[in-house]
Amino acid sequence: MTQEAADLLGPLPPGMVRPIGRVRLYGPSLRYVDLASRRYRFFATDTPALMAWMTERARAAGAEVMLRTAFREGAQNSGSVQVNGGKFTARLLIGADGGRSAVARAFGLPGNRRFLVGAEWACPLTTEPEALHVFLTRAHAPGYIGWAVPGPGHLQFGLARLPGAPVDLPAFWGFAAPALGLPERPEVLGERRGVIPVGGRLDPVYKGDVVLVGDAAGLVSPLTAGGIHTALAFGDRAGHLAADYLTAGGPHPGPALARAYPRFRAKGLSRRAFEALPDAALDALACLPALAQGAFFTRRRV
Ligand SMILES: Cc1cc2nc3c(=O)[nH]c(=O)nc-3n(C[C@H](O)[C@H](O)[C@H](O)COP(=O)(O)OP(=O)(O)OC[C@H]3O[C@@H](n4cnc5c(N)ncnc54)[C@H](O)[C@@H]3O)c2cc1C
């Protein structure tokens, strides 16, 4: 995750994240440029441990967290929302259920339509490429990037790409491993897969007493495909607005969030341009330190 997202979380228990202040950016020919910052860090995470820690913090703050309990269907009538055939009733439902939101579907809100597909392996830290290694390669990751980063316990090796062909991590390993000094054959200890919505923010993002946040609302930068910072920032804002609405007679959170959510118009256009760049242009990008430095190490507000 980015520095901005880590700042929102505050101090984390030791061993849960690994700060990385260097980026090595490779073009399709594997020519690269090294970038560094003393003030801005990326944070490789032990994601299951971080999720468990956040869950405990939510419980400690008074939330009842029900794991392995899926939202399946819902309906709303004046003043209340029923979930799963009336098993749960609420005055306000916040759909934070990701890029393929079932909440959005159930309540007739729009869903994301443009995605990247991504996958990441956890591998042993056989070498320590102490940088976030970023690969621009249309052959393996058209429309996005591949990456290798030493996490708190493992090497995280992955890519995301436009759909149309499967995510081929073995082929990407064959391409990137020699540049990283990694063994010819990967030892895969774990794998995660997912989709990243990159079509931009959805509209509307609420209907009656149902409100969407995070990936469910399309709050992912279409260019960087980063959604953790916006999910945390607007999840926090949605929580405060909901508390004010439910306990202090404050305004409905929907309109306030709809006004605050970014539209990502310029980033959507930049994505289209990036997708069209030929290999020669990607190689040129990987040789422009000033441009690359700004792209990786600029603080962004939501
Ligand atoms: C491979 C990969 C790498 C990524 N890397 C980065 C990165 O480096 N930086 C970055 O900023 N972003 C990254 N992203 C994007 C980032 O993960 C998301 O933008 C972010 O997690 C969005 O948070 P969210 O809470 O909105 O959704 P999610 O993190 O998707 O969480 C949604 C939750 O809802 C649950 N859920 C789904 N359906 C239901 C249901 N019916 N009932 C109950 N619960 C349900 C899911 O199990 C999940 O726990 C990456 C995505 C992928 C796939």
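The model shown is predicted, which means the values in this text are computed figures rather than measured ones.

Rules of the game
- Residues numbered from 1 in each chain as written.
- Predicted model: local features only at pLDDT ≥ 70, side-chain atom pairs only at ≥ 80, totals over all residues.
- Heavy atoms only, no water.
- Helix = DSSP H or I, 4+ residues; strand = E, 2+ residues; numbered from the N terminus.
- Buried < 20%, exposed > 50% of the residue type's maximum accessible area, 1.4 Å probe, protein only.
- Domains from an automatic or database assignment.
- Contact = heavy atoms within 4.5 Å.
- Buried area = accessible area lost by both parts, 1.4 Å probe.
- Salt bridge = Lys/Arg side-chain N within 4 Å of Asp/Glu carboxyl O.
- Polar contact = N/O pair within 3.5 Å; in protein donor to acceptor, adjacent residues only side chain to side chain.
- Near = heavy atom within 4 Å.
- Areas by Shrake-Rupley, 256 points an atom, 1.4 Å probe, with all protein chains shown as cover.
- Nonpolar A, V, L, I, M, F, W, Y, C, P; charged D, E, K, R; others polar.

Novice: Looking at this structure, how should I read the environment of glycine 86?
Specialist: Examined against the element boundaries, glycine 86 turns out to sit in the loop between β6 (80–83) and β7 (88–90). On the basis of relative accessibility, which here comes to 38%, the residue glycine 86 falls in the partly exposed class. Sequence spacing of glycine 86 and alanine 233 is 147 residues, and the spatial spacing of their C-alpha atoms is 31 Å.

Novice: Quick question: what am I supposed to make of the domain arrangement of the protein here?
Specialist: One frequent convention defines the size of an interface as the accessible area lost when the parts assemble. By the assigned domains, the protein splits into domain 1 (3–47 + 115–197 + 269–296) and domain 2 (70–113 + 199–263). If you look at the interface, domain 1 gives 13 residues, while domain 2 gives 15 residues. Overall, the association of domain 1 and domain 2 removes approximately 1200 Å² of surface from exposure, summing both partners, and the carbon and sulfur fraction of that is 71%. For the pair domain 1 and domain 2, the number of links is 0 salt bridges. One can count 2 residue pairs in polar contact (both at pLDDT 80 or more) joining domain 1 with domain 2.

Novice: Looking at this structure, how should I read the site of the ligand?
Specialist: Lining the immediate surroundings of the ligand are 17 residues, of which Phe71, Asp215, Gly226, Gly227 and Ile228 lie closest. Between glycine 227 and the ligand, the recorded distance is 3.1 Å, taken from a backbone N or O atom to an oxygen atom. For the ligand, the accessible surface in isolation is 1000 Å², of which the surrounding protein chains cover 61%. Among the elements of the structure, β13 (190–197) and α5 (228–248) are those that each provide at least two residues to the shell around the ligand. Tallying contributions element by element places β13 first for the shell around the ligand, with 3 residues. Of the residues belonging to the shell around the ligand, the class tally is 8 nonpolar, 6 polar and 3 charged. Split by domain, the residues of the shell around the ligand number at least three in each of domain 1 (3–47 + 115–197 + 269–296) and domain 2 (70–113 + 199–263).

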